[in-house]
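# Structure at a glance
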Amino acid sequence: MSLFGGDLNRQFIARPDSAKDDILFKWPDMTIRMLTQVTVQPDETAIFVKEGKIAGTLPQGRSTLDGKLIPFLGDIVDWASGGNMYRAELYFIGTREFVSLPFGGPVDNIEDPETGLAVGLRVFGEYALIITDPAMLITKLVGTRQANNDLITDWAREQILKALRTGLVRQLTTQKWPVLGLAARTGDIETALLADVQASLAPYGIKITRLGNITISLKEEDEQTLKGLRKDQAYTRLAGGFQQYGVGAALKGIGEGAAAGGNAGPAALGIGMGLGGIVGGIGIAGAGTGAGANTGGGGATVTCGNCHAQNPAGAKFCGNCGTSLAPPKAAHCTQCGTQLPPNAKFCGNCGTAVA
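The model shown is predicted, which means the values in this text are computed figures rather than measured ones.

One recurring pattern in soluble globular proteins: nonpolar side chains tend to sit buried together. L24, L121, Y127, L129, L182 and I206 are the most contacted members of the largest nonpolar core, which has 46 residues in total. Contributing elements (two or more residues each) for this core: β7 (44–50), β12 (89–94), β13 (98–111), β14 (118–131), α1 (134–142), α2 (149–175), α3 (186–201) and β15 (206–218). For this core, the element with the most residues is α2, which contributes 10 residues. Once residues within four sequence positions are removed from consideration, L182 is found in contact with L121, L168, L172, W177, I189 and I216.

In structure tokens:
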């Protein structure tokens, strides 16, 4: 406040340097002397508000508060002061772009399209905003509350997170984006989010101009779970099925324990043999079980007694030399009828020579 010559006490009002970076600054005194000079910078708007309603707006530059020059001032005259004072709230609202405003926080659990599991996300980033309608900002958002910069930035941040939750869930559902691959979708997410958030902010005279440096991360425990499931799915495809993968993983674990010097003991050895039997059963599934097949440890083929070639089980003649594969009939002694062993030259009962 400063005194000039004559009988008029003149007051000078302007946004202080300490509040230059604030979106909104409220002059601390509601009672303002007539003929006060108010300076409005090129990147801001000055608005008088009385009882929650806009009384008028001052032009940019320097204005002298005189009802003869500015008609709306007649509506805020404080008649208790003899008509020498104005009584109203004076707000300075920045109209430039405010950048590098941080936002972040947890996102509600969402369903991963790849696994069907509900996982928790966290998102962090920066945004920039501009006040498109200062009067609407005051009447719809600030109102009669104690106005400060955090009131605007906190509310804008909440709207961004709200739009991110609904928009991200929509994108995951329609586009089938796996949660583990969201880092590659940052550009698409920023574009969609910038469009979605405007609808909730526009009625309050606020516009988000930019979004950037968005980072979406999983809760640590959820990330480990999804990575484990993805690894299991990949190994299952390589093994040919979940049972085969499970058996292989179990055998690998037993082997690693033995290699580390652990004493598996008879029980673990029995488990390993049992799993090995399962693997063997899987490996021979569908194999033939006819005569000469490898069942119970026998050969899977029939050996020719003449040329020793291997023939399929059930063959009657050798495919290499044509010799009959049927077992030879038992020979008997022509004298006494005793059955003779193979390759016998004399009867063991009566000594008769074998023909």
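It is worth spelling out α3 at this point. If you check α3, its first and last C-alpha atoms are 22 Å apart, about what 16 residues at 1.5 Å a residue would give, namely 22 Å. Taken together, the buried positions of α3 are occupied by I189, E190, A192, L193, V197, Q198 and L201.

What follows deals with the sheet that holds strand β5 (residues 31–33). With respect to topology, 3 strands assemble into an open sheet ordered β5-β11-β10, the strand pairing being antiparallel. Sheet topology places β5 and β10 (77–78) at the edges, where each strand pairs with a single neighbour. Two strands pair when backbone bridges link them, and β5 and strand β11 (residues 85–87) are joined in this way by 3 bridges, in the antiparallel orientation. Residue pairing in the sheet places T31 in a bridge with R87 of β11.

So, about the pattern of salt bridges. Enumeration over the complete set of coordinates arrives at 7 salt bridges. In this structure, the salt-bridge partner of D43 is R96, at a minimum N-O distance of 3.7 Å. Of this pair, D43 sits in the loop between β6 (37–40) and β7 while R96 is found in the loop between β12 and β13, placing the two residues 53 residues apart along the sequence. For D43, a relative accessible area of 33% gives the class partly exposed.

So, about the packing of aromatic side chains. The full count for this structure, using the stated rule, is 4 aromatic pairs. Between F25 and F92, the ring centres sit 6.3 Å apart and the planes meet at 35 degrees, which makes this aromatic pair tilted. You can see F25 sitting in strand β4 (residues 24–26) and its partner F92 sitting in strand β12, a full 67 residues away along the chain. Accessibility expressed as a relative area gives 15% for F25, which makes it buried. Note on F92: relative accessible area 0%, which makes it buried. On the basis of an interplanar angle of 50 degrees and a centroid distance of 6.0 Å, the ring pair of F48 and F72 is categorised as tilted. Within this pair, whereas F48 is found in strand β7, its partner F72 is found in the loop between β9 (61–64) and β10, the two being separated by 24 residues in sequence. Per residue, the accessibility class of F48 equals that of F72, and both read buried.

Read across the open sheet, the 3 strands follow the order β3-β6-β9; overall the sheet is mixed. Where the open sheet ends on each side, the last strands, each with one partner, are β3 (12–13) and β9. Pairing geometry for β6 and β9, over 4 bridges, is antiparallel. Paired with T39 across the two strands is R62, which belongs to β9.

Positive phi, close to 60 degrees, is recorded for K176, a residue that is not glycine. Along the chain, the position of K176 falls in the loop between α2 and α3. With a phi angle near 65 degrees, H308 is a residue other than glycine that sits in the positive phi range. Take H308: it is sitting in the loop between β16 (301–303) and β17 (310–312). The class for H308 is exposed, based on a relative accessible area of 55%.

Mapped onto the elements of the fold, E190 is located in helix α3. As a buried residue without a salt bridge, E190 has its nearest oppositely charged side chain in R210, at a separation of 11 Å. Sequence-distant contacts of E190, defined by excluding residues within four places in its chain, comprise L211, G212, N213 and I214.

All told, the structure shown has 0 disulfides when counted by the stated rule. The structure places no disulfide on C307, whose sulfur is separated from the nearest cysteine sulfur, that of C318, by 3.5 Å. Looking at C307, the relative accessible area reads 26%, which means it is partly exposed.

Closest axis-to-axis distance for the α1/α2 pair is 12 Å, and the angle between their directions is 80 degrees. Considering the angle they form, α1 stands roughly perpendicular to α2. Only L151, I152 and W155 of α2 make contact with α1, whose side of the interface consists of L137, L141 and V142. A per-class count over the contact of α1 with α2 returns 6 nonpolar, no polar and no charged.

For a regular strand, side-chain orientation follows a simple rule: the groups alternate between the two sheet faces. For β7 and strand β8 (residues 53–58), the ladder comprises 5 bridges, and the chain directions are antiparallel. The residue of β8 that forms the bridge with I47 is T57.

Before going further, it helps to examine α1. The complete set of buried residues in α1 reads P134, L137, I138, L141 and V142. With its buried residues spanning 115 degrees around the axis, α1 presents them on a single face. The residue sitting at the N-terminus of α1 and contributing the capping side-chain oxygen is D133; that oxygen lies 3.3 Å from the backbone nitrogen of A135. Where α1 ends, the next residue or the one after it, G143, has phi of about 60 degrees, a positive value.

Rules used throughout
Residues numbered from 1 in each chain as written. Predicted model: local features only at pLDDT ≥ 70, side-chain atom pairs only at ≥ 80, totals over all residues. Heavy atoms only, no water. Core = buried A, V, L, I, M, F, W, Y, C linked by side-chain atoms within 4.5 Å. Buried < 20%, exposed > 50% of the residue type's maximum accessible area, 1.4 Å probe, protein only. Helix = DSSP H or I, 4+ residues; strand = E, 2+ residues; numbered from the N terminus. Contact = heavy atoms within 4.5 Å. Expected span 1.5 Å × (residues − 1). Pairing = 2+ DSSP bridges. Salt bridge = Lys/Arg side-chain N within 4 Å of Asp/Glu carboxyl O. Phe/Tyr/Trp six-rings, centres within 6.5 Å; stacked < 30°, edge-to-face > 60°. Lys, Arg positive; Asp, Glu negative; His and termini not counted. Disulfide = S-S within 2.5 Å. Axes fitted to C-alpha atoms, helices over the stretch in contact; angles between N-to-C directions. Parallel < 35°, antiparallel > 145°, perpendicular 65-115°, else oblique. Nonpolar A, V, L, I, M, F, W, Y, C, P; charged D, E, K, R; others polar. Arc of directions from axis to C-beta. Polar contact = N/O pair within 3.5 Å; in protein donor to acceptor, adjacent residues only side chain to side chain.

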